[in-house]
2 protein chains.
Amino acid sequence: MATTEASGGPLALGLDIGGTSTRAVVIDRAGRRLGTGRADGANLTSHARDKALDAVSAAVAAALATVSPASVRAAVIASAGDNNLNRPEIASALASRWAKAGLTCRYEVVADAVAAFVAGTPSPDGTLVLSGTGSLAARFTDRRPAQIIDAHGWLLGDLGSGFFLGRSAVQVALAALDQHTRPGPLGLAVLRTLTGATDFDPSSRQVTSDLVLAVHAQPPVALAALAPLVTAHAGVDPEADRLLAAAAATLLDQTSMVRTAGDATPIVLAGSLLTTDTPLARLVRSGLAATWPSAAVGVALDGAAGAAWLAARSLDAAGAEHLHAALFG
Amino acid sequence: MATTEASGGPLALGLDIGGTSTRAVVIDRAGRRLGTGRADGANLTSHARDKALDAVSAAVAAALATVSPASVRAAVIASAGDNNLNRPEIASALASRWAKAGLTCRYEVVADAVAAFVAGTPSPDGTLVLSGTGSLAARFTDRRPAQIIDAHGWLLGDLGSGFFLGRSAVQVALAALDQHTRPGPLGLAVLRTLTGATDFDPSSRQVTSDLVLAVHAQPPVALAALAPLVTAHAGVDPEADRLLAAAAATLLDQTSMVRTAGDATPIVLAGSLLTTDTPLARLVRSGLAATWPSAAVGVALDGAAGAAWLAARSLDAAGAEHLHAALFG
């Protein structure tokens, strides 16, 4: 096709399958984003397989709208459930979606953390600190995770995550109600958001029951959606400041577990709570600067492009450094 | 029926619907247990309604095996989901089971904490400290909960519970593996129990993935089943001692929130972790004795009998004190 030829040579496809959204991007070797696609978040378990594959198909179709699928010569799929993608029943269902999209190239599967790391730095070695719905700190060597702290999911870990902040915000409200006192601004915002309650008797157990029931009416991970309430109450409610300080301390502690004091490799921040100018990002940045003043701190804004870059690199290793600057510079 | 007449006068039925088991007991006014029944645990949500009602029917049928249902003149049902029992669709389904069992009396619904409290003390006022699958501390006035701390369930609270201990034990194993070190005795026991792994490379992420997957293969609340591993490692693994101390400190802090220093009313211990001679029970008892040396500490062993006593008391208030001594003395 004319569009493809004009962009010059083989194309690379990157996919980033996350809990919040699924993103796809097709790039050429000059680093131009020729097509992008976005669909619902996907959870690649057997249980939700078809919904996840629908999201993948939709994102890929959008990214391929103006390019010939046959020009795509390499692809990398980044996913939190990277182990699941290699399970036979999911791999074969994915292969059939792949063919239906007109794609003929093979794909490699990597952890979403890998795509985030490479999107944030051209360096093969360094540290990733992520806080979104989940959280982790990881040391990368040659663009592979050499050590990961946490990333255990909301039930067992993610102790510096949006889930942690959201759940803690509910606990702040519950603790005040247990004491038969009216919650502070953060707790009141939680109650208003989840139950609609603004006027209530704090010494009645009813409002506590309503709040607990409202939380259980949604999947547990939905608690992460309350993290912006905590952010919004920074400097307004000491409880919000306490929670943000605790999350930042956890992320910095975990970073210290994968970095020695003298480490000068880059640090990449990823996840919605660290890639924008949030109070948590400011606390983490200031802690990182205090301990590793000479380390460059990058931001991973486009995991799908990170995956696409990995795919392009497999086609043209020599051009990879130049391509990275063009994509992320 | 002859058996019933011999036992003398109207009978009372108590039911205790818990997550682990459903228990029923029929008592006469002398405090004799004329019939008992035990069935599966039940969760009285709409979702699991029929299974829960089957358990109730089975426990009630067993308790009524040797007495005439018509002799039962009062009943009390204690349940963690006491609010749910009053919901119309559950109440009407329960009423139909009630009639099918041949019962003609009305029943009153109370929180399971109320049945536990009255099973542990004849005093109308006092404190309940519970740690089983969940946990709470509560102040009772006139046998009604005047203030409850926690009891928020595993997702939001239960911070001194078997769930807390079980989840923390998994986190101990994960923290060691994150550091690429071999877990201590408690962490190894967790790994062996959940994944069967005994020989593994602690610097591989595989064992971490296996452990996280094994936890997610069961409902979250199943983590409480790991609490005995923590108990078994008391004095053996410092991590187990740390977790037990944390759970005890939480329970004692929560007790302090509902009791002033000079409070001399009784304290009732309830829940599987406090009613037997566990390391957690010893820590809690010793903390209670230090702060409230003059308070009697009772144990709630039979919530169903507590419920039955409440039912009997509604028939014969004057005989209630004597009956309590006969039932629990």
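Bear in mind that the values here come from a model prediction, so they are computed numbers and not experimental data.

S.K.: Tell me what's going on with the nonpolar core, and back it up with residues and numbers.
M.R.: With 96 residues, the main nonpolar core has A:V170 and B:V170 as its most contacted residues. If near-sequence neighbours (up to four positions away) are discounted, A:V170 is found in contact with A:V190, A:L194, A:L211, A:V215, A:L223, A:L226 and B:L156.

S.K.: Help me get a handle on the side chain of B:D158, residues and values and all.
M.R.: Tracing the sequence through the fold places B:D158 in the loop between β8 (144-150) and α6 (162-178). One buried charged residue, B:D158, forms no salt bridge at all, with the nearest opposite charge on A:R205 at 7.9 Å. Residues contacting B:D158, with those up to four places away along its chain left out, are B:T133, B:G134, B:S135, B:D150, B:A151, B:H152, B:G153 and B:F164.

S.K.: Hey, could you go over the sheet that holds strand β4 (residues 72-79) of chain B for me, with residue numbers and the actual values?
M.R.: All names here are of chain B. If you trace the 5 strands from one edge of the open sheet to the other, you get β3-β2-β1-β4-β5, paired in mixed fashion. The two strands at the open ends of the sheet, each matched to only one other strand, are β3 (33-40) and β5 (107-111). Across the sheet, the mean angle separating the axes of adjacent strands is 15 degrees when strand polarity is ignored. The pairing of strand β2 (residues 21-27) with β3 spans 7 bridges and is antiparallel. Paired with T22 across the bridge in β3 is A39. Relative to the sheet, helix α5 (residues 112-120) contacts β1 (11-17), β4 and β5, its axis offset from that of β5 by approximately 90 degrees. With respect to the sheet, helix α13 (residues 303-315) is in contact with β1, β2, β3, β4 and β5, its orientation differing from that of β1 by roughly 145 degrees.

S.K.: Lay out the interface of chain B and chain A with the relevant residues and their values.
M.R.: If you look at the interface, chain B gives 29 residues, while chain A gives 29 residues. Here chain B packs against chain A, burying approximately 2500 Å² in sum over the two surfaces, 57% of which is carbon and sulfur. When residues of chain B are sorted by the area they lose upon contact with chain A, B:H152, B:L155 and B:L156 head the list and together hold 29% of the total. Linking chain B with chain A are 0 salt bridges, by the criterion used here.

S.K.: Before we move on, could you go through the packing of aromatic side chains and cite the residues and values that matter?
M.R.: Scanning all chains against the criterion turns up 7 aromatic pairs over all chains. Ring geometry for A:F117 against A:F140: centres 4.3 Å apart, planes inclined by 5 degrees, an arrangement best described as stacked. With A:F117 in helix α5 (residues 112-120) and A:F140 in strand β7 (residues 135-141), the pair connects residues that are 23 residues apart, well separated along the chain. In this structure, A:F117 and A:F140 share a single accessibility class: buried. One aromatic cluster in this structure is built from A:W154, A:F163, B:W154 and B:F163. In this arrangement the basic side chain of B:R182 is found over the ring face of B:F200, its NZ or CZ atom lying 5.2 Å from the centre.

S.K.: Can you lay out the domain arrangement of chain A for me, pointing to particular residues and giving the numbers?
M.R.: Residue and element names in this part refer to chain A. The domain boundaries assigned to chain A delineate domain 1 (2-118 + 302-328) and domain 2 (123-295). Distance between the C-alpha centres of domain 1 and domain 2: 29 Å. In this complex, domain 1 contributes 9 residues to the contact, which on the side of domain 2 involves 13 residues. Roughly 780 Å² is buried in total at the junction of domain 1 and domain 2, and carbon and sulfur atoms are behind 76% of that figure. Counting the surface domain 1 buries against domain 2, the share from its top three residues, A113, V114 and F117, is 64%.

Conventions adopted
Residues numbered from 1 in each chain as written. Chains lettered and ligands numbered in written order. Predicted model: local features only at pLDDT ≥ 70, side-chain atom pairs only at ≥ 80, totals over all residues. Heavy atoms only, no water. Core = buried A, V, L, I, M, F, W, Y, C linked by side-chain atoms within 4.5 Å. Buried < 20%, exposed > 50% of the residue type's maximum accessible area, 1.4 Å probe, protein only. Contact = heavy atoms within 4.5 Å. Helix = DSSP H or I, 4+ residues; strand = E, 2+ residues; numbered from the N terminus. Lys, Arg positive; Asp, Glu negative; His and termini not counted. Salt bridge = Lys/Arg side-chain N within 4 Å of Asp/Glu carboxyl O. Pairing = 2+ DSSP bridges. Axes fitted to C-alpha atoms, helices over the stretch in contact; angles between N-to-C directions. Buried area = accessible area lost by both parts, 1.4 Å probe. Phe/Tyr/Trp six-rings, centres within 6.5 Å; stacked < 30°, edge-to-face > 60°. Lys NZ or Arg CZ within 6 Å of the ring centre and 35° of its normal. Domains from an automatic or database assignment.

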